Structure formats: structure tokens, C-alpha cells
Amino acid sequence: MIAQLLLTIAQGVGLTLYVTGASLLFGGAIGLVLVAAVRSRIPVISGIATLYINVVRVVPPITWLFLIYFGLPQYALRLSAIQAAIVGFSLIASAFMAEIYRSGLLSIPDAQREAAHALGLSPVATVGHIITPQAFRVALPAVASYAIGLLKDSALASTIGVREITYYAQQSARQTHEGLLSFIIAGVLYIVISLVVAVISRRVDLRLRRKIGVA
Amino acid sequence: MVFSFGTRTPPTALTGEVVVSGLGKSYGASRVLSDVNLTMNEGEVVSIIGPSGAGKSTFLRCLNYLETPTEGTIEIGGARVVAGGKRPDKASLDHLRRVTGMVFQSFNLFPHLTVMENITLPQRKVLGASKEEAQEVANKLLKRVGLPDKAEQYPARLSGGQQQRIAIARALALSPKVMLFDEPTSALDPEIGLEVLAVMRDLADEGMTMIVVTHEMHFARDVSDRIMVMGNGGVLEIGPSEQVMSQPQNERTRQFLKAVLDR
Ligand SMILES: Nc1ncnc2c1ncn2[C@@H]1O[C@H](COP(=O)(O)OP(=O)(O)OP(=O)(O)O)[C@@H](O)[C@H]1O
Ligand SMILES: [Mg+2]
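Here we summarise the structure given alongside this text.

With that settled, consider the overall build of chain B. Check the secondary structure of chain B and you find 9 helices and 10 strands. Here the C-alpha atoms of chain B give a radius of gyration of 18 Å, agreeing with the 18 Å that 2.2 N^0.38 yields for 263 residues. Across its three principal axes, chain B shows a C-alpha extent of roughly 50 × 45 × 35 Å. Here chain B, with 263 residues, has 56% of them falling under the buried criterion. Long-range contacts, defined as pairs at least 24 residues apart, comprise 64% of the intrachain contacts of chain B with a sequence gap of at least 6. When the accessible area of chain B is evaluated, it comes to approximately 11,600 Å², of which 48% is carbon and sulfur surface. For chain B, the separation between the mean place of its 29 positive charges and that of its 30 negative charges on side chains is 5 Å.

In C-alpha cells:
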């Protein structure tokens, strides 16, 4: 029985990873643009970016998903469930990732920029070779824990019919009346994936720490 | 300790490796630097001493435009920048930073790069040196600062004194004409500071033009040709090291020296 349920529910792992991974990737990239916009010297640009980040973060993820999946078709923008989930989660992830990058950047002491300027490094070289690599190392644990948070949130995609882990668990529960077992199995799958992410990030973090020491 | 007073001759004409005139800096209404003048010959070493808040760091940081001075002119090693009006163009600022090297109190090595990378990255990005050229220069300089075996270490693994010597090597790798030091030993134990001072002394002996903000009175007296005493955003007095130390002309200099030497 357990084996049967596991086989069924594990079918959702692929889409769970796909939705989470794609959203993290797109969100991470958009977040870079956002953090640049927030730090822009042009008030309109930094204002809009800040507003975006704050609005996106306070609206619940499920509201975004419904808005995009059920709301947008009214304006002739019809997305598949998977597309809608990725768009929604990318939107949300971009705002959170921008905040993570921002605190990473803030953690780099001004003295690093000054040293780079004094050596005559260009602003581009300073950002590319001095600031970003250090900010990335600072931000890594926060990125990993956000990735795990996003993984959990991705269960919400089941509400618009994306066939990920929670979707299959619901289905099995309904068909086999093994509700408890179905959702325990789903929970275990999330735990396993989270553990893998946590272990990898911890490894990378430790390696970096051992190498460069804790600043 | 070797005493070597007055081995170099002070400058006479108003041309030199460094010509700073009328330099001033205000933050809004508060004036932290006013009418600072300094002319130096090639190979000269000037120490800047003075009480906390005198404007020593501000002066030094204006010289390579880490701070933007609000008035005056700076000429260093062929670069010339006029403060006050519109911000100088990028080319003159780049030039100014090319001819100056700076060493900070807190070393400011790049912690994510090895010692070798710390020294080669600026050469490659600023001078366009090849990897091999940059490494050759780095290896020579590491030998010169007494750390030939630390190339592959990360800064966090090194002592403060070692980090500061690497920071000196990193600056020297860009062949600056004038080296600026802002209290290079203040963050170090006195004993460790000595190894850094020894490197600086060698550098001075080899003819590097140096401006050194320091609280090390021995260094100021023994190594530098002249001492400039700052107070309250201005120059209290400047003269041959020996003379400033033994017969200061300014009352506030006397008070400052007494306070420092009695400690
Ligand atoms: N960003 C700033 N805004 C306003 N005032 C400033 C600023 N930076 C420095 N000052 C002021 O400028 C004056 C000179 O400071 P500076 O750091 O140059 O002194 P210093 O001689 O190097 O002192 P210390 O020996 O403590 O390093 C101080 O009174 C300081 O408060
Ligand atoms: Mg200072």
C-alpha cells in the first residue's frame, strides 16, 4: 500500500522541482535587476522598484496565483496552470531575492569599495570582482532557506491544478481513502528535498567559510 | 635603532612630485580642512602628525579623491586636478589614482581572493597586464615584503602585520609614484607594527615618495624628511623632522608632542 501510494505521489516530484527551480531562477534574475533599480540614483526608478518589492511581498502567494490564473484571462492573457504558477512564484521570488541581495550588498563594508577605488578599479570591475562575489557568499544561506520556503509554497500550485506533490497526494487521498498516509508521504517527500537543498548549501557555505574565514 | 637625520634635502622650488595648494574641504557648513599646502620632491617622505580630528585622514583621502575636496589644486606625479568647480573628468581622476597608492589602517585586502589574486587582479584590470606578467610582479613584491610563501593563502589566515605587508605589495604592484599611508600600524600590536614599519623604511630608502599619517613618533623622526603637524583642519607647522620634534615653533604643536611623548 505504502509503496503504491509513494509511487503515485512521487510522480509529482518532477513538477514540484520544476516550478520551484524555474521560479527561483527567473526570480533570482529579476531580483538582480530590482536591486539595481532600488539602488538607482534616479528617484522614480528606485521608488517604483521599492513599491514593487513591498506590494509583491504583502499579497499572499495564493492570491497572486488566482489573480494570474483566473484573473488575467479576462484580459485575454490565458496561461497554462504550470505557466501561471511559474509566473506567480517568479514574481514573488524576485521581490524576496531582491531583499536578500540588498542585505548581502549592505554587509560589504565601504572599506572594500574604497580599497578598489584607491587601486583605480573601474566601477564595473569593482562591482563584478569585489562586491558581488562577497555579497553572494554572505547571501548564500539566505538564498538556500528562501529556496526551501519556495519549495513549500509551491504546494499552492495544486490549487490551480498543477500536478505536483500535493496535487497527487490529494488525489490519492480521495481515491484510496488513505488520507493520513497520503499526506504523510507528501510531507516526507518535501522533507527529503529540503534536506538535500540544505545539505548542499551547508557544504558550499562551509567550504567558502573555511577558505576565506568569517569576516 | 638607526638615526638618520637630514639625509635628504628639503625642496626649495615650487615644482615637485607633489604640489598641493589651497586644499580645503567642507561638509555642508562644517569646514574640516582649510588651505592646506604641501610641496614634495621625488623621493621625499613626509609624516603627518596631529591630534584626533585634525583632518589628517581627510587630507590624505582628498589626495586620491576618496573624499572630494571642495577647493584647491592637487598635482601628483604628472596628474593635475582642480577642486571646487564641476567634478574633474574621469581621465584625470583615473590618472590621479594611477600615480598614487594607498595603504589603510584596516588593510582592506579583498577577503574572497588569495594573496596572489589580491595583487594580480588590480594589475590585470587597471594596467591590462597578462596573468603571467602580473604574477611575476606579485612574486617579486611578495619577496620584497618578506612573505614569498603566502601567495596561495587567503587574507583571513594571515596576521594583521602580514596582511598590511600584502596591502603594501598590492599597492606597489601598480607602480605608483607616491604612496599614501593612513596610520598603517595603528591596528597592530606594537611588535607586529615593527615589521610593517621595516617594510616602509626600506621603501623610503629605495626612494619612494611617501606621505604617512602616523602616531609612530620614532618613524616620523627617523624615517621622514619632514613632519607636517595638523590641527583643526589646517597645517600648524611643517619642517625638517628633527627640528619639528626638538624645537617646535607652534604652541599647539608643543602641547601635542608633550602629550604624545609623555605617554
Ligand atoms: N562625513 C563627514 N561629515 C562631517 N564631518 C566629517 C565627516 N568625516 C569626517 N568629518 C570630520 O572631519 C574632521 C577631521 O576628521 P579626520 O578623520 O580627517 O581626522 P584625523 O586627523 O584623521 O583624526 P584621527 O587621528 O582620529 O584619525 C573631524 O572633526 C570629523 O568629525
Ligand atoms: Mg584618521
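In this assembly, 23 residues from chain B lie in contact with 20 residues from chain A. Each partner contributes to the roughly 1,900 Å² buried at the junction of chain B and chain A, and carbon and sulfur atoms together form 65% of this total. Put simply, chain B and chain A have 1 salt bridge between them. Where E114 of chain A meets R61 of chain B, a salt bridge forms, and the shortest distance between an N and an O atom there is 2.7 Å. Applying the counting rule to chain B against chain A returns 5 residue pairs in polar contact (both at pLDDT 80 or more). Contributions of two or more residues to the side of chain B that touches chain A are made by strand 6 (100-103), helix 3 (115-127) and helix 5 (160-172) of chain B. Here the side of chain B that touches chain A gets 4 residues from one element, more than from any other, and that element is helix 3 of chain B. Broken down by class, the residue content of the side of chain B that touches chain A amounts to 14 nonpolar, 4 polar and 5 charged.

Residues and elements named next belong to chain A. Its place among the elements puts P123 in helix 7 (residues 123-153). A residue is classified by how much of its surface remains accessible, and P123, at 53% relative accessible area, is exposed. C-alpha of P123 to C-alpha of I185: the two residues are 62 residues apart in sequence and 51 Å apart in space.

Here the structure, examined in full by the defined rule, presents 14 salt bridges over all chains. Between E67 of chain B and R61 of chain B there is a salt bridge, with the nearest N and O atoms lying 3.1 Å from each other. Taking the relative accessible area as the measure of exposure, E67 of chain B reaches 15% and is therefore buried. Residue R61 of chain B is classed as buried on the basis of its relative accessible area of 13%. We note a salt bridge from K90 of chain B to D94 of chain B, for which the minimum N-O separation is 2.7 Å. Here K90 of chain B and its partner D94 of chain B are both found in helix 2 (residues 90-99), 4 residues apart, which amounts to about one turn of the helix. Since its relative accessible area comes to 31%, D94 of chain B is described here as partly exposed. Here the salt bridges share partners, and the residues they tie into one network are E114 of chain A together with R61 and E67 of chain B.

Residues and elements named next belong to chain B. As a matter of local geometry, ligand 1 sits amid Y27, V32, P51, S52, G53, A54, G55, K56, S57, T58 and E183. Residue S52 places a side-chain N or O atom 2.6 Å away from an oxygen atom belonging to ligand 1. Here K56 contributes a side-chain N or O atom positioned 2.7 Å from an oxygen atom of ligand 1. Of the residues forming the shell around ligand 1, the biggest block, 3 residues, is contributed by helix 1 (residues 56-63). Looking at side-chain class alone, the shell around ligand 1 contains 4 nonpolar, 5 polar and 2 charged residues.

On to the sheet that holds strand 7 (residues 178-182) of chain B, then. Residue and element names in this part refer to chain B. Taken in spatial order, the 6 strands of this open sheet run 6-7-8-3-9-10, and their pairing is mixed. Each end of this open sheet is capped by a strand with a single partner; those strands are strand 6 and strand 10 (234-240). Across the sheet, the axes of successive neighbouring strands diverge by a mean angle of 15°, strand direction being ignored. Strand contacts of helix 9 (residues 251-261): strand 3 (45-49), strand 9 (226-231) and strand 10, with the helix running at about 75° to strand 10, the strand carrying the most contacts.

A word on the pairing of strand 7 of chain B. Residues and elements named next belong to chain B. Within strand 7, 5 of the 5 residues are buried, leaving the element largely enclosed by the surrounding structure. Residues V178, L180 and D182 point to one face of strand 7 and M179 and F181 to the other, with burial holding for every one of them. Of the strand pairs in this sheet, strand 7 and strand 8 (residues 209-213) are connected by 5 bridges, and their pairing is parallel. Looking at the pairing, F181 lines up with V212 of strand 8. Between strand 7 and its parallel partner strand 8, the chain crosses via helix 6 (residues 190-205), and the hand of that crossover is right-handed.

Moving on to the pairing of strand 10 of chain B. Residue and element names in this part refer to chain B. In this sheet, strand 10 lies alongside strand 9 in antiparallel orientation, the contact comprising 6 bridges. Across the sheet, the residue bridging to G231 is G234, located in strand 10. Connecting strand 9 to the next strand, strand 10, in antiparallel fashion are 2 residues, including N232 with a positive phi near 55°.

This part covers the packing of helix 5 (residues 81-106) of chain A against helix 7 of chain A. Residue and element names in this part refer to chain A. Contact geometry of helix 5 with helix 7 gives a least axis separation of 8 Å together with a crossing angle of 145°. At the point where helix 5 passes helix 7, the crossing takes the right-handed sense. Contacts from F89, I92, A93, F96, M97, I100, G104 and L105 in helix 5 reach I131, A135, V138, A139, A142, V143, Y146, L150 and D153 in helix 7.

Parameters and conventions
Residues numbered from 1 in each chain as written. Chains lettered and ligands numbered in written order. Predicted model: local features only at pLDDT ≥ 70, side-chain atom pairs only at ≥ 80, totals over all residues. Heavy atoms only, no water. Helix = DSSP H or I, 4+ residues; strand = E, 2+ residues; numbered from the N terminus. Rg over C-alpha atoms; globule rule 2.2 N^0.38 Å. Buried < 20%, exposed > 50% of the residue type's maximum accessible area, 1.4 Å probe, protein only. Contact = heavy atoms within 4.5 Å. Areas by Shrake-Rupley, 256 points an atom, 1.4 Å probe, with all protein chains shown as cover. Lys, Arg positive; Asp, Glu negative; His and termini not counted. Charge placed at Lys NZ, Arg CZ, Asp CG, Glu CD. Buried area = accessible area lost by both parts, 1.4 Å probe. Salt bridge = Lys/Arg side-chain N within 4 Å of Asp/Glu carboxyl O. Polar contact = N/O pair within 3.5 Å; in protein donor to acceptor, adjacent residues only side chain to side chain. Nonpolar A, V, L, I, M, F, W, Y, C, P; charged D, E, K, R; others polar. Near = heavy atom within 4 Å. Pairing = 2+ DSSP bridges. Axes fitted to C-alpha atoms, helices over the stretch in contact; angles between N-to-C directions. Right-handed = clockwise from strand over helix to strand, strands pointing away. Left-handed = near helix turned anticlockwise from the far one by under 90°.

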